[in-house]
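# Topology and contacts: notes
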Amino acid sequence: AQHPTRPLASVGSVLTLYGQQRFARCNGFSTEVRAAPPPAGLDVSALSAAARQRVIRLLGREIPATSFTKTDTYSAGKELYRAANLLQLAEQLGRRDLAATMETKLAGELDKWLDPFGSVVRSNRFFTFDPVIRGVVGVDPSFGSEQFDDHHFHYGYFIYAAAVLAAYDHDFVNRDGVMVQALVDDIASPQRTASFPRLRVFDLYLGHSWADGFGLTPDGNDQESSSEAVDAWYAVYRWGLVTGQRDTANEGLWLYQLESAS
């Protein structure tokens, strides 16, 4: 529910895509969402003993076979996300040997992507900074990400994988934490800074994010994947938790809850 603070006067109504919208002049509004925090991990509590063993057998097949072949930020992000979930499953099901294999692979790929000097030694798999638009651009870009389309979709996968890895690789934050934080700030900076706008993609009035960076398509702006948007805010929440940044965790939780409700 949105609650205007000190409504002063009605200023009529306008027909919109959402129906007839009534407006009142006021000096601000607050938004209230009631929701429980999401779990910081995968829920394996309902697995029977037989199911657990089957999942472990699948992990024994999938983890050694996991490789990273994609070079664009969307497809590569999904590979990292998958690897992070395999790592979590192995840890939660007590197979530290399999988890260690996956941890090494995931760390190697994230270290590559998050190397601040990656552009010097590679033609792709690195991030750079656009000083004009003020934000991070991954190379190779995809789906218009060089024009700031879909950044929360792409970077949510990276932030999630980083948050999972940081829970087990205790040196990861020292190595790559600054770069992960840059991805967080690119999509969810809580305030305007010299490097980033405030909440680049999030519409505080409507309570959800937008996907099209420049909004120049014939159909205007859109939000083509609300599930990936929710996943991005969950990733910010997890990153805040694992790094002990309570403000970041709270912001990620707020965005997660608000976009889910919307």
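Residues numbered from 1 in each chain as written. Predicted model: local features only at pLDDT ≥ 70, side-chain atom pairs only at ≥ 80, totals over all residues. Heavy atoms only, no water.

## What about the overall build of the chain?
Assigned secondary structure in the chain consists of 8 helices and 8 strands. Computed over the C-alpha atoms, the radius of gyration of the chain is 20 Å, within 12% of the 18 Å expected from 2.2 N^0.38 for a compact globule of 262 residues. With respect to the three principal axes, the spread of C-alpha positions in the chain is 65 × 50 × 35 Å. Burial analysis of the chain (262 residues in total) assigns 45% to the buried set. (Helix = DSSP H or I, 4+ residues; strand = E, 2+ residues; numbered from the N terminus. Rg over C-alpha atoms; globule rule 2.2 N^0.38 Å. Buried < 20%, exposed > 50% of the residue type's maximum accessible area, 1.4 Å probe, protein only.)

## Concerning the pairing of strand E2 (residues 9–16)
Across 6 bridges, the pairing between E2 and strand E3 (residues 19–25) is antiparallel. Bridging across to E3, Leu15 finds its partner in Gln20. In textbook terms, the turn of a hairpin is the stretch between consecutive antiparallel strands, and for E2 and E3 this stretch comprises 2 residues. (Pairing = 2+ DSSP bridges.)

## Things to note about unusual backbone geometry
Look at the link from Val139 to Asp140: it is a cis peptide, with omega at 15°. Here Asp140 is to be found in the loop between strand E6 (135–139) and helix H5 (151–168). Phi angles above zero are rare outside glycine, and Asp150 is one such case at about 60°. As for its placement among the helices and strands, Asp150 is situated in the loop between E6 and H5.

## Side note on the nonpolar core
Counting residues in hydrophobic clusters, the biggest one holds 60 residues, and the most contacted among them are Leu106, Leu110, Phe127, Ile159, Phe172, Trp233 and Trp239. Of all the elements in the fold, those that place two or more residues in this core are helix H1 (49–65), helix H2 (73–92), helix H3 (96–113), H5, helix H6 (172–188), helix H7 (226–243) and helix H8 (246–261). Once residues within four sequence positions are removed from consideration, Leu110 is found in contact with Leu80, Phe158, Ala161, Ala162, Leu165, Phe172 and Asp176. (Core = buried A, V, L, I, M, F, W, Y, C linked by side-chain atoms within 4.5 Å. Contact = heavy atoms within 4.5 Å.)

## A closer look at the environment of Ala9
Inspection of the secondary structure puts Ala9 in strand E2. According to the relative accessible area criterion, Ala9 is partly exposed, its value standing at 31%. Here Ala9 is in contact with Ala24 and Arg25, once residues within four sequence places are set aside.

## Some words on the packing of aromatic side chains
Enumeration according to the criterion identifies 14 aromatic pairs in this entry. Here Tyr234 and Tyr256 contribute two aromatic rings whose centre-to-centre distance is 6.1 Å and whose plane-to-plane angle is 50°, an arrangement assigned as tilted. Of this pair, Tyr234 sits in helix H7 while Tyr256 sits in helix H8, and the two are 22 residues apart along the sequence. In this structure Tyr256 comes out as partly exposed when scored by relative accessible area, which is 22%. Within the aromatic cluster, the residues linked to one another by ring pairs are Tyr74, Tyr81, Phe143, Tyr157, Tyr160, Tyr234, Tyr237 and Tyr256. (Phe/Tyr/Trp six-rings, centres within 6.5 Å; stacked < 30°, edge-to-face > 60°.)

## What about the pattern of salt bridges?
Tallying each qualifying case throughout the model produces 11 salt bridges. In this structure, Asp111 and Arg175 form a salt bridge, with 3.2 Å as the shortest nitrogen-oxygen distance. Within this pair, whereas Asp111 is found in helix H3, its partner Arg175 is found in helix H6, the two being separated by 64 residues in sequence. For Asp111, a relative accessible area of 26% puts it in the partly exposed group. Each of Asp111, Asp169, Asp171 and Arg175 takes part in one network of salt bridges that share partners. (Salt bridge = Lys/Arg side-chain N within 4 Å of Asp/Glu carboxyl O.)

## Some remarks on the packing of H3 against H5
The N-to-C vectors of H3 and H5 enclose an angle of 130°; their axes lie 10 Å apart at closest approach. In terms of orientation, H3 and H5 fall into the oblique class. Our pair here, H3 against H5, has a crossing hand that is left-handed. Across the interface between the two elements, Glu103, Leu106, Ala107, Leu110 and Trp113 from H3 touch Phe158, Ala161, Ala162, Leu165 and Tyr168 from H5. (Axes fitted to C-alpha atoms, helices over the stretch in contact; angles between N-to-C directions. Parallel < 35°, antiparallel > 145°, perpendicular 65-115°, else oblique. Left-handed = near helix turned anticlockwise from the far one by under 90°.)

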